[in-house]
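# Residue-level structural notes
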Amino acid sequence: MKVLVATEKPFAKVAVEGIKQIIENAGYELALLENYTDINDLYQVVADADALIVRSDKVTPEVIEHATKLKIVVRAGAGYDNLDLPACTARNIVAMNTPGQNSNAVAELALGMMVYMARNQFTPGTGKELLGKNIGIHAYGNVGKLVAKIAKGFGMTVYAYDPFVKKEIMENESVIVCNTVEELYSKCHYVSLHIPANEQTKKSIGYDLLSKMPKGGTLINTARKEVINEEELVKLLEERTDLKYATDMTAGNHAELIEKFGIRVFATPKKMGAETAEANINAGLAAANQIVKFFQTGDTTFQVNKKHEVKN
Ligand code: NAD
């Protein structure tokens, strides 16, 4: 059984060593393709792989076509929009993510960006404190709930909107539940975005919603750039000179945003929410363990493509 780790941007060395140990202890073989720049290199090594671990690498229908023996692909991370799920499903390949493994890293970055924006990107002048401000958690998943927890430590009042999480769960964690997304944005000085990018959410954060934010509001996006309506964001920032936007996913129109709005906009130079040694190791090891469990017991707990369509 061959398990391929294919990473344009490699895991930390210690993570690769851990993955190797898990795979070899199970009696399987590990193959490594790191820092590849030519997609043909991936096509070649994936040809005899039974399992594939990737990070942000795109698993396209073409990759799947070359992977004639593939039974499982695991995205070491939470978001899995880099996996072509219909292509996996069509070939009975189980697709998984490793939810929760990098959530703390992302949550800490979100709060860090809030402080950074509240202090005018550390430029001279008077900033603001987070204490006593309202924070809105847009999607109370693995990252969202950790942002809520850390924000309470800053003395913020935490609101959340997530129609797929039971109210009682949020209320038990001292979070004020909003019944509509509009309510969340109109109440909160800071909104931290944690929705996945899917057909329902793409471009869903736009002018109408953001214009509900109170004076001096800041939107923090550590989720995905696709959920933002970038044209409408420009229009809004032009009209509402009090609002700010910070993102871990450089906007398609980043240059325009910086030119027009200066330090009211910030983007990390490269997506770095999950870029901590801890998250790297956690996600890599989880991916390896999930593959071993899948082959040994048929476990599909973290499967993200349609189970009923995939015959394991
Ligand atoms: P998660 O799956 O644990 O949580 C997502 C939450 O979104 C769920 O609670 C779900 O109920 C909720 N949700 C789905 N659709 C919604 C909608 N239309 N409105 C409101 N809520 C909705 O995911 P997570 O691990 O918390 O990750 C959240 C986001 O962060 C994802 O977009 C992921 O891709 C992104 N992420 C970014 C980085 C980074 O490096 N910046 C790292 C990890 C995750």
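For the structure, see preceding data.
In what follows, the accompanying structure is described.

## So, the pairing of strand 9 (residues 190–193)
Taking every second residue as pointing to the same face, both faces of strand 9 are buried, with Tyr190 and Ser192 on one and Val191 and Leu193 on the other. Pairing between strand 6 (residues 134–138) and strand 9: 4 bridges, direction parallel. Within strand 9, the residue paired with Ile135 across the bridge is Tyr190. In terms of strand pairing, strand 9 meets strand 10 (residues 218–221) through 4 bridges, oriented parallel. Residue pairing in the sheet places Tyr190 in a bridge with Thr218 of strand 10.

## Description of the sheet that holds strand 11 (residues 244–247)
Within a sheet, each strand pairs with its neighbour through backbone hydrogen bonds, oriented either parallel or antiparallel. Strands sit in the order 8-7-6-9-10-11-12 across an open sheet of 7 strands; the sheet is parallel. The open sheet has two edge strands with one neighbour each: strand 8 (176–177) and strand 12 (265–267). Across the sheet, helix 5 (residues 103–118) lies against strand 6, strand 9, strand 10, strand 11 and strand 12, angled at about 145° from strand 10, the strand it touches most.

## Quick notes on the site of the ligand
Looking at the ligand, there are 25 residues lining it, with Asn142, Val143, Asp162, Ile195 and Asp248 nearest. Contact distances for the ligand include 2.8 Å between an oxygen atom and a side-chain N or O atom of Asn142. Across the complex, the protein chains shield 85% of the 850 Å² of accessible surface that the ligand would expose by itself. Here the shell around the ligand is composed, by residue class, of 12 nonpolar, 9 polar and 4 charged.

## Focus: the nonpolar core
Core analysis: the biggest nonpolar cluster contains 30 residues, and Tyr185, Leu193, Ile205, Leu210, Leu219, Ile228 and Leu257 have the highest contact counts within it. The set of elements that each furnish at least two residues to this core consists of strand 7 (157–161), helix 8 (181–187), strand 9, helix 9 (207–210), helix 10 (230–239) and helix 11 (254–261). Here this core takes 4 residues from helix 10, the largest share from any one element. Every residue in contact with Leu219, bar those within four places of it in the chain, is listed here: Tyr185, Val191, Leu193, Ile205, Leu210, Met213, Ile228, Lys244, Tyr245 and Ala246. Within the second largest apolar cluster, 27 residues are counted, among which are Val106, Met156, Ile220 and Phe266.

## Regarding unusual backbone geometry
Residue Ala139 is not a glycine yet carries a positive backbone phi of 100°. Within the secondary structure, Ala139 is located in the loop between strand 6 and helix 6 (142–153). By relative accessible area, Ala139 is classed as buried at 7%. Residue Lys203 is not a glycine yet carries a positive backbone phi of 60°. You can see Lys203 is positioned in the loop between strand 9 and helix 9. Residue class for Lys203 comes out partly exposed when judged on its relative accessible area of 47%.

## Notes on the sheet that holds strand 2 (residues 29–34)
Read across the open sheet, the 5 strands follow the order 2-1-3-4-5; overall the sheet is parallel. Both edges of this open sheet fall to strand 2 and strand 5 (94–97), since each of them pairs with a single strand only. Averaged over all pairs of adjacent strands, the angle between their axes in this sheet comes to 15°, without regard to strand direction. Relative to strand 5, strand 4 (residues 72–75) runs parallel, the two being bridged by 4 bridges. Paired with Ile72 across the strands is Val94, a residue of strand 5.

## Thoughts on the pattern of salt bridges
On inspection of all chains with the given rule, the structure shows 16 salt bridges. Here Lys9 makes a salt bridge to Glu275, at a shortest N to O gap of 3.3 Å. Taken as a pair, Lys9 in the loop between strand 1 (2–7) and helix 1 (13–25) and Glu275 in the loop between strand 12 and helix 12 (277–297) lie far apart in primary sequence, 266 residues in all. By relative accessible area, which is 35% here, Glu275 ends up partly exposed. Between Lys13 and Glu17 there is a salt bridge, with its nearest N and O atoms 3.6 Å apart. Taken as a pair, Lys13 and Glu17 lie in helix 1 at a separation of 4 residues, close to a single helical turn.

Conventions we followed
Residues numbered from 1 in each chain as written. Predicted model: local features only at pLDDT ≥ 70, side-chain atom pairs only at ≥ 80, totals over all residues. Heavy atoms only, no water. Buried < 20%, exposed > 50% of the residue type's maximum accessible area, 1.4 Å probe, protein only. Helix = DSSP H or I, 4+ residues; strand = E, 2+ residues; numbered from the N terminus. Pairing = 2+ DSSP bridges. Contact = heavy atoms within 4.5 Å. Axes fitted to C-alpha atoms, helices over the stretch in contact; angles between N-to-C directions. Near = heavy atom within 4 Å. Polar contact = N/O pair within 3.5 Å; in protein donor to acceptor, adjacent residues only side chain to side chain. Areas by Shrake-Rupley, 256 points an atom, 1.4 Å probe, with all protein chains shown as cover. Nonpolar A, V, L, I, M, F, W, Y, C, P; charged D, E, K, R; others polar. Core = buried A, V, L, I, M, F, W, Y, C linked by side-chain atoms within 4.5 Å. Salt bridge = Lys/Arg side-chain N within 4 Å of Asp/Glu carboxyl O.

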